[in-house]
Amino acid sequence: MPQKVAGLPEHVAVIMDGNGRWARKRGMPRPAGHRAGVKSVRATVQHAARLGIRQLTLFAFSSENWKRPAEEIGVLMSLFREVLQREVAELHKNRVRLQFIGERERLGPRLRTAIEAAEGHTADNDGLQLVVAVAYGGRWDITNAARKLAQKARDGELDPETIDEQSLADGLQLAGMSDPDLLIRTGGERRVSNFLLWNLAYAEIVFSDVLWPDFRESDFDAAVDYFTGRQRRFGHTPEQLEAAKC
Ligand code: FPP
């Protein structure tokens, strides 16, 4: 019997995949899958908060998703704004703190205004921290952090010899937040797709075949159960971990 060693994950990240296939299976246009996916977002946020998870980071739109047809991008951007405006009061009531990561300069002004309003409104909440990645890419994030360090070095504010992992991490979008303990990807694909490349270094990963609009509380529980059964060694041997317990 494997020892149950990991507690509840503090930070869960989710790649919500499978909306398009969910719609096509039903003879519906792809955007109908994104609309259906909102229900799974709501259920997952409520469930994570109920379980006492501290942070939930959702991948809603990647840097690569800009390559999609303009019509689908338009539907997604309107949907983000619509969901934000509709849900923010309920999120606030439940003490959820909402934040966005990604290249927000690429978003339209109305969506950016809605994001800033939602972030401002929920900034002091002490419940679940909900981070939504929109126009986000892991390589963009790391490049951005490297650029900040290079600019400081150029301006004489930083000695390149002193740069360590923490200095780079401090320039990332999730600066000051813990790394995800658990990554869940729905929709059957088994890859990370440029999500949080730096921060996922030690995440446990669950690939679920369930399409995102069908993802339910029990699927989230199954992923958390898998996580709690893992022994997280962070490079140590099992014997070292046993000895540290004594
Ligand atoms: C991936 O499925 C999903 C997306 C690109 C969009 C996710 C967006 C939502 C669930 C809408 C609401 C979200 C928030 C946080 C307000 P896909 O289109 O790649 O599916 P496929 O692999 O079947 O084509």
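The structure this text deals with has already been given above.
Quick summary incoming for the structure in this document. None of the values given here were measured: they were computed from a predicted structure.

1. A few points about the pattern of salt bridges
- As enumerated under the stated definition, the model contains 15 salt bridges in all.
- The shortest N-O distance in the salt bridge between E87 and R86 comes to 3.3 Å.
- Of the residues examined, R86 reaches a relative accessible area of 46% and is grouped as partly exposed.
- Note that K93 is salt-bridged to E90, the shortest N-O span being 3.6 Å. A residue pair is termed a helical-turn pair when its members lie 3 or 4 positions apart in one helix, as K93 and E90 do in helix α3 (residues 70–93) at three residues.
- Using a relative accessible area of 35% as the deciding quantity, one classes E90 as partly exposed.

2. Some details on the layout of surface pockets
- The space that makes up the largest pocket amounts to roughly 1000 Å³.
- Every residue lining the largest pocket is counted, 45 residues in all, and those nearest its centre are M16, N19, F59, A60 and F80.
- Among the secondary structure elements, those contributing two or more residues to the lining of the largest pocket are α1 (19–25), α2 (30–51), β2 (55–62), α3, β3 (97–101) and β4 (129–136).
- Take the lining of the largest pocket: its biggest share by element is nine residues, from α2.

3. Brief notes about unusual backbone geometry
- Not every positive phi belongs to a glycine, and R95 is a case in point at roughly 60°.
- For R95, the position within the fold is in the loop between α3 and β3.
- R95 gets classed as partly exposed once you look at its relative accessible area, which sits at 47%.
- At S193, a residue that is not glycine, the phi angle is positive and equals roughly 50°.
- Position of S193 among the secondary structure elements: in the loop between β5 (182–185) and β6 (204–207).

4. Notes on the packing of α3 against helix α4 (residues 109–122)
- Look at α3 against α4: their axes get within 10 Å of each other, and the N-to-C directions meet at 15°. The angle between α3 and α4 places the two elements in the roughly parallel class. Note on packing geometry: the crossing formed by α3 with α4 is left-handed. Here M77, F80, R81, L84, Q85, V88 and H92 of α3 come into contact with α4, specifically with R110, L111, A114, I115, A118, H121 and T122.
- A class-by-class count of the residues in the contact of α3 with α4 yields eight nonpolar, four polar and two charged.

5. Side note on the site of the ligand
- Residues in contact with the ligand amount to 20 residues; listed here are only the nearest, D17, G20, R21, R30 and R68.
- Between the ligand and the protein, one listed contact pairs an oxygen atom with a backbone N or O atom of N19 at 3.1 Å.
- The separation between an oxygen atom of the ligand and a polar main-chain atom of R21 is 2.7 Å.
- Judged by its atoms lying within 2 Å of the grid points, the ligand is housed in the largest pocket.
- At the level of secondary structure, the elements contributing two or more residues to the shell around the ligand comprise α1, α2 and α3.
- When residues of the shell around the ligand are assigned to their parent elements, the largest contribution, five residues, is made by α2.

6. Comments concerning the side chain of H34
- Secondary-structure assignment places H34 in helix α2.
- By relative accessible area, H34 is classed as buried at 8%.
- There is a polar contact of 3.0 Å between the side chain of H34 and the side chain of N19.
- Residue contacts for H34: discarding those within four places in its chain leaves N19, R68, E72, L76 and L79.

7. Re the nonpolar core
- With 40 residues, the main nonpolar core has L56, L130, V134 and F220 as its most contacted residues.
- Top contributing element to this core by residue count: α3, with seven residues.
- In this view, F220 contacts V12, T44, H47, A48, L51, I53, L56, I184 and F215; residues no more than four positions away in its chain are not counted.
- Within the second largest apolar cluster, 15 residues are counted, among which are I15, Y136, W140 and F195.

8. Regarding the environment of L172
- By the secondary structure assignment, L172 is in the loop between α6 (165–169) and β5.
- Through-space distance from the C-alpha of L172 to that of W140 is 9.7 Å; in sequence the pair is 32 residues apart.
- Apart from residues lying up to four places away in sequence, L172 is in contact with D141, I142, A145, W198 and N199.

What counts, and at which threshold
Residues numbered from 1 in each chain as written. Predicted model: local features only at pLDDT ≥ 70, side-chain atom pairs only at ≥ 80, totals over all residues. Heavy atoms only, no water. Salt bridge = Lys/Arg side-chain N within 4 Å of Asp/Glu carboxyl O. Buried < 20%, exposed > 50% of the residue type's maximum accessible area, 1.4 Å probe, protein only. Helix = DSSP H or I, 4+ residues; strand = E, 2+ residues; numbered from the N terminus. 1 Å grid on protein atoms, 1.4 Å probe; cavity = no way out; pocket = protein on both sides within 12 Å on 5 of 7 lines; lining within 4 Å. Points joined across faces, edges and corners; volume = space filled by probe spheres on them. Axes fitted to C-alpha atoms, helices over the stretch in contact; angles between N-to-C directions. Parallel < 35°, antiparallel > 145°, perpendicular 65-115°, else oblique. Left-handed = near helix turned anticlockwise from the far one by under 90°. Contact = heavy atoms within 4.5 Å. Nonpolar A, V, L, I, M, F, W, Y, C, P; charged D, E, K, R; others polar. Near = heavy atom within 4 Å. Polar contact = N/O pair within 3.5 Å; in protein donor to acceptor, adjacent residues only side chain to side chain. Sits in = over half its atoms within 2 Å of the grid points. Core = buried A, V, L, I, M, F, W, Y, C linked by side-chain atoms within 4.5 Å.

Don't take any of this as a statement about function, it's just geometry.
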